[in-house]
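# Observations on the three-dimensional arrangement
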Amino acid sequence: MSLRLAVLGSGSGSNCQSIFNAIDDGRLDAEVVLVLSDHEDAYILERARQRGVPAEYMDCGGFRNKFPLEVQEAVAARLQELQVDLVCLAGFMRLVKEPLLKAFPRRILNIHPALLPNFPGVEAWKQALDAGAKQTGCTVHYVDAGMDTGEILMQAYVPVLSGDTPESLHARIQVQEHILYPAAILSAISRL
Ligand code: GRF
């Protein structure tokens, strides 16, 4: 039986698209049953709607980064109602806390654009460039209550090239993300 996934994202949703693509070409035996975003106009919601996947906006009450606990409770209840097996954070910019972590223990994944534990937090590709790193990459990890601190599931390396700009480096990292995330989801599914 194929697994039921939910995807949470704040932005363009290219990683969500890579999950859709992996399902369509048979790399991933799963179904995305819900896409949620904290931005009403995020393109990730549009991608879901184009595919006929329910896409919903979660109102975080005007807070820029906070993920209010009552919203997390409501999201946990919604995901449980839909019998979601695995929750995939894909460019989701808020910290997940107990209501969701307790409802989905070891069942929430995140993709981060650096080789964790190096460069957690925002604009990790820029952090790598500023630090003069020779290589960086991307990481899929289980989510815990910290910022990008959960157990690492899979990583891919990306060299930093001379002349790289934050944009060129992030673009090459994203190419690897789109390969890594579906593979890591498959691996997480096999460990459930
Ligand atoms: C990705 O680089 C991801 O690693 C980071 O945010 C970006 C989201 O991109 N957490 P997208 O919305 O999936 O295109």
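Described below are features of the structure shown in this document. Since this is a predicted model, take the numbers as computed values, not measurements. (Residues numbered from 1 in each chain as written. Predicted model: local features only at pLDDT ≥ 70, side-chain atom pairs only at ≥ 80, totals over all residues. Heavy atoms only, no water.)

### Some points on the nonpolar core
Inclusion rule: Within this scheme, the nonpolar core is defined by two criteria: the residues are buried Ala, Val, Leu, Ile, Met, Phe, Trp, Tyr or Cys, and they are joined through side-chain atoms within 4.5 Å. Throughout this description, buried means an accessible area under 20% of the type-specific maximum (1.4 Å probe, protein chains only), exposed means over 50%, and partly exposed covers the range between. Helix and strand labels come from DSSP, where a helix needs a run of H or I of at least four residues and a strand needs a run of E of at least two; each type is numbered from the N terminus.
The biggest cluster of nonpolar side chains holds 39 residues, and the ones touching the most others in it are Val7, Ile19, Val32, Val35, Leu109, Tyr181 and Ile185. If one sorts the elements of this core by residue count, helix H6 (residues 166-190) sits on top with eight residues. Of all hydrophobic cores here, the second largest spans 23 residues; its members include Ala76, Leu79, Val84 and Val87.

### Comments concerning the sheet that holds strand E2 (residues 30-37)
Where strands meet in a sheet, backbone hydrogen bonds hold them as pairs that are either parallel or antiparallel. To keep it simple, the criterion reads: By the convention used here, strands pair only if DSSP detects at least 2 bridges between them. Structural elements are reduced to axes, namely lines fitted to C-alpha atoms, with helices fitted over the stretch in contact, and the angle between N-to-C directions of any two is expressed from 0 to 180 degrees. Residues count as neighbours in contact if any of their non-hydrogen atoms are within 4.5 Å of one another.
Strand order in the open sheet made by the seven strands is E3-E2-E1-E4-E5-E6-E7, with mixed pairing throughout. The sheet is open, and its two edges are formed by strand E3 (55-57) and strand E7 (152-159), each paired on a single side. Neighbour to neighbour, the strand axes of the sheet diverge by 20° on average, direction disregarded. Lying over the sheet, helix H3 (residues 69-81) contacts strand E1 (3-9), E2, E3 and strand E4 (86-89), oriented at roughly 160° with respect to E2.

### What about the site of the ligand?
What counts here: Think of it this way: one heavy atom of a residue within 4 Å of a molecule or strand is enough to make that residue near it. For the purposes of these results, a polar contact is taken to be a pair of N or O atoms within 3.5 Å, where, inside protein, one atom must be able to donate a hydrogen and its partner to accept one; residues adjacent in sequence count only when each atom of the pair is a side-chain atom. All accessible areas in this document rest on Shrake-Rupley with a 1.4 Å probe, and a residue is counted as covered only by the protein chains that are shown. Classification used: nonpolar for Ala, Val, Leu, Ile, Met, Phe, Trp, Tyr, Cys and Pro, charged for Asp, Glu, Lys and Arg, polar for all others including Gly.
Around the ligand, the neighbouring residues are Gly11, Ser12, Gly13, Ser14, Asn15, Gly91, Ile111, His112, Pro113, His170, Gln174 and Glu177. The contact in question runs from an oxygen atom of the ligand to an N or O atom on the side chain of Ser14, over 2.5 Å. Within the contact set of the ligand, an oxygen atom lies 2.9 Å away from a backbone nitrogen or oxygen of Asn15. Relative to its unbound accessible surface of 370 Å², the ligand loses 88% to contact with the protein. Counting residues per element, the ones that place at least two in the shell around the ligand are helix H1 (14-24), strand E5 (108-112) and H6. The greatest single-element share of the shell around the ligand, amounting to three residues, is contributed by H6. Taken together, the residues that form the shell around the ligand break down as two nonpolar, nine polar and one charged.

### Side note on H1
Burial of H1 is extensive: eight of the eleven residues sit out of reach of the surface. Elements that come into contact with the buried residues of H1 comprise E1, E2, helix H2 (43-51), E4, E5 and H6. Gly26, located one to two residues past H1, shows a positive phi value of around 85°.

Limitation: the analysis is restricted to geometry and does not speak to function.
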